[in-house]
Amino acid sequence: MLKSLKQLWGILTKLDKRKVIYVLILVVGMAFIESAGVISIMPFLAVLSNPAIVETVPILKILQEYSGAKNSQQVVIYLGSISFIIVVFSAFLKIITQYAVNRFASLQRHYFSSRLLKIYLQQNYEFFIQRNSASLIKNVLSEVDQLIWSMILPALSMLSYGLVLIAMIGILLLYNPIIALGTAGTLAFFYITIYVLVKKKLSKIGQEFTQANKERYQNCQEALAGIKDVIINNAKQGYIDQFETSSRVFARHIATRDTLGQVPLNIIETVGYGCLIGLAMLLVVLGKDVSEILPVLGLYGFAAYRMLPAAQNIYRAISQIKFSQQVLNILIPEFDLEKEKSSKDLINHAASLEFEQTIRLENISFAYPNYPDKPVLCDINLEIKKNTSIGIIGKSGSGKSTLMDIMLGLLTPQHGKIYIDNRELNESNIREWRNLVGYVPQFIYLANKSVAENIAFGVPKSEIDIEQVKYASKLAQIDEFIMQNLNNGYDEIIGEKGVMLSGGQRQRIGIARALYKKPEVLFLDEVTSSLDAETANLVFESIKNIGKTIILISHKHFEILYVDKKILLG
Ligand SMILES: Nc1ncnc2c1ncn2[C@@H]1O[C@H](COP(=O)(O)OP(=O)(O)OP(=O)(O)O)[C@@H](O)[C@H]1O
Ligand SMILES: [Mg+2]
């Protein structure tokens, strides 16, 4: 429990911590004023039932003298008014506090989500090849919610009610130690026993809940992203069933958690009510007078009435935190990535990079992080002169795309170095290098945006140079199609993943995207695999004519003829 709170504190930024403290102060203040409202009813009731008490209790005596009340009747009116004012004030403060807490929680969710997405986007490409995108999306959108609603808010409520409870016990101790300790002891015993009984269960269903949430996201993402394969392979029902299974576990466990959080209140209310009636009966049987019974009952009732919600809220908060512990186990390593990254980022704003002569690869060896013992590339040496072209050839799986990813700085080789004009390619100049290169991957990703936005990828709409978009499209042999076949030309939205386009059209959009950047070096990974020979030839002629450095992967014989030099892998 304490460990969880400490971990939780650890992932907050300085600003977050400050905000938590402000909200906490407000929540505690509110809880105290609320309690004061209830406490203020006590003297009012006491004087009401026994006016003579004014003479015996010093504080009431002082009040009478200070307010100039002539008799106990007037004292009752004063006490009633004070109590009412406090209750009104506490209602007012409650509205403000609720707004502050809601605002804090919602904005905190926004900060955490944005922060986490930023952390993810700052990671190297190697991070993403090892991670599943559905689980990253889940962390940003769902686990962060969980962190707010099931950890931070309960922690706040636990702390504030904890303080109220301590204060309540303190006041009651002054007033009547036996009743204070008796009520507090009974409540503590009761809640601790229940907590010990349900702790394991909460932890277990919490874990299952987290797992179910992960599966929910994964099923949804897989089914919708691979819809064509899902339909063809009659896999729809399978996905629906899997989703329903995890979604049901997810829902059921929330219900169990909430019930386990509420149950003690129902039990203790019943038991407490029974005790009060029993006590009243006992006092009657013992022949006590009603005026004697009422204050004693009132006191026990009051103590329980005030302590119970506090104890209940603390218990519920603790059970929620226990249930959601897994979220911390998931999110803490993710937020830790921020610390590792920020130290690297410091050196990420270094000097510019020029490419005037050569790209040189020296003794490059690489193995994927998940298969460190299976090297894909061993000791590769290569020199590429500016404005020449090189073809990387080799069997499928021989490491061609991997080599390209290394040259693009997406993957970092375990051994060897890359030099651009004798300057080593590293973290400090990789951004500059990416400004110089254009890359057409084997599988083109298209966003659910207009053709122009897909070609000028990542450029804000208002800053797109439409002439450059058209120029790049002409070189890629796609301009004619866009102008003649699409209703809105370059403004046509091409649908998620470009489902409105043929394979070859998508490839040509990919080529236009790379050319839009006016790159010094063009990386092409089997970019004409879906094009007919005639179109492919036209594309190559125009690319060749712009006279840039070209690094190309191909299986096609005619494409290899275009290049000045070849390297065979595998
Ligand atoms: N993310 C990854 N994790 C582990 N191994 C990988 C990963 N990606 C690729 N590999 C392995 O690396 C080897 C080289 O893959 P690569 O994609 O570079 O081949 P390729 O030469 O481009 O093949 P193709 O012509 O089929 O595109 C393959 O054996 C593949 O199994
Ligand atoms: Mg490949």
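The structure reproduced in this document is the subject of the present report. Remember, it's a predicted structure, so these values are computed and weren't measured experimentally.

### Some thoughts on helix 20 (residues 533-545)
Step number 1: Taking 1.5 Å of rise per residue, the 13 residues of helix 20 would be expected to cover 18 Å, and the 18 Å separating its terminal C-alpha atoms lies within 8% of that figure.
Step number 2: For helix 20, the set of buried residues is T535, A536, V539, F540, S542 and I543. Projected onto a plane normal to the axis of helix 20, the buried residues spread over an arc of 165 degrees and lie on a single side. Among the exposed residues of helix 20, those oriented more than 90 degrees off its buried face are A533, E534 and N545.
Step number 3: Looking one or two residues beyond helix 20, the residue adopting positive phi is G547, at roughly 65 degrees.

### Some details on the coordination of the magnesium ion (ligand 2)
Step number 1: Within the protein, S401 (OG) and Q442 (OE1) serve as the donor atoms for the magnesium ion (ligand 2), at 2.0 to 2.5 Å. With S401 in helix 14 (residues 400-407) and Q442 in the loop between strand 6 (437-440) and helix 16 (451-455), the pair connects residues that are 41 residues apart, well separated along the chain.
Step number 2: Owing to a relative accessible area of 24%, S401 belongs among the partly exposed residues under this scheme.

### A word on the sheet that holds strand 4 (residues 415-420)
Step number 1: The four strands lie next to each other as 2-1-4-5, forming an open sheet whose pairing is antiparallel. Across the chains shown, the open sheet's two edge strands, defined by having one partner strand only, are strand 2 (377-385) and strand 5 (423-424).
Step number 2: Helix 14 rests against strand 1 (358-366), strand 2 and strand 4 of the sheet, and its axis sits at about 60 degrees to strand 2.

### Details of a nonpolar patch on the surface
Step number 1: Where nonpolar side chains cluster on the molecular surface, the patch consists of W9, I21, Y22 and I25 and spans about 440 Å² of accessible area.
Step number 2: Take the nonpolar patch: its biggest share by element is three residues, from helix 2 (residues 14-39).
Step number 3: Within the secondary structure, I25 is located in helix 2.
Step number 4: With a relative accessible area of 55%, I25 lands in the exposed category.

### Section: the sheet that holds strand 6
Step number 1: As summarised here, the arrangement of the five strands in space is 6-7-8-3-9, forming an open sheet in which the pairing is parallel. One side of each edge strand has no neighbouring strand; the edge strands of this open sheet are strand 6 and strand 9 (565-569). On average, each strand axis in the sheet is tilted by 15 degrees relative to the strand beside it, whichever way the strands run.
Step number 2: Across the face of the sheet, helix 14 comes into contact with strand 3 (389-394), strand 6, strand 7 (521-525), strand 8 (549-553) and strand 9 while running at roughly 150 degrees to strand 8.
Step number 3: Taken strand by strand, helix 19 (residues 503-516) contacts strand 6 and strand 7, and its axis lies near 175 degrees from that of strand 6.

Scoring rules and cut-offs
- Residues numbered from 1 in each chain as written.
- Chains lettered and ligands numbered in written order.
- Predicted model: local features only at pLDDT ≥ 70, side-chain atom pairs only at ≥ 80, totals over all residues.
- Heavy atoms only, no water.
- Helix = DSSP H or I, 4+ residues; strand = E, 2+ residues; numbered from the N terminus.
- Expected span 1.5 Å × (residues − 1).
- Buried < 20%, exposed > 50% of the residue type's maximum accessible area, 1.4 Å probe, protein only.
- Arc of directions from axis to C-beta.
- Donors = N, O, S within 2.8 Å, 3.2 Å for Na, K, Ca; no water.
- Pairing = 2+ DSSP bridges.
- Contact = heavy atoms within 4.5 Å.
- Axes fitted to C-alpha atoms, helices over the stretch in contact; angles between N-to-C directions.
- Patch = residues over 30% accessible without salt bridge, like charges linked within 9 Å, V, L, I, M, F, W, Y side chains within 5 Å.
- Areas by Shrake-Rupley, 256 points an atom, 1.4 Å probe, with all protein chains shown as cover.
- Salt bridge = Lys/Arg side-chain N within 4 Å of Asp/Glu carboxyl O.

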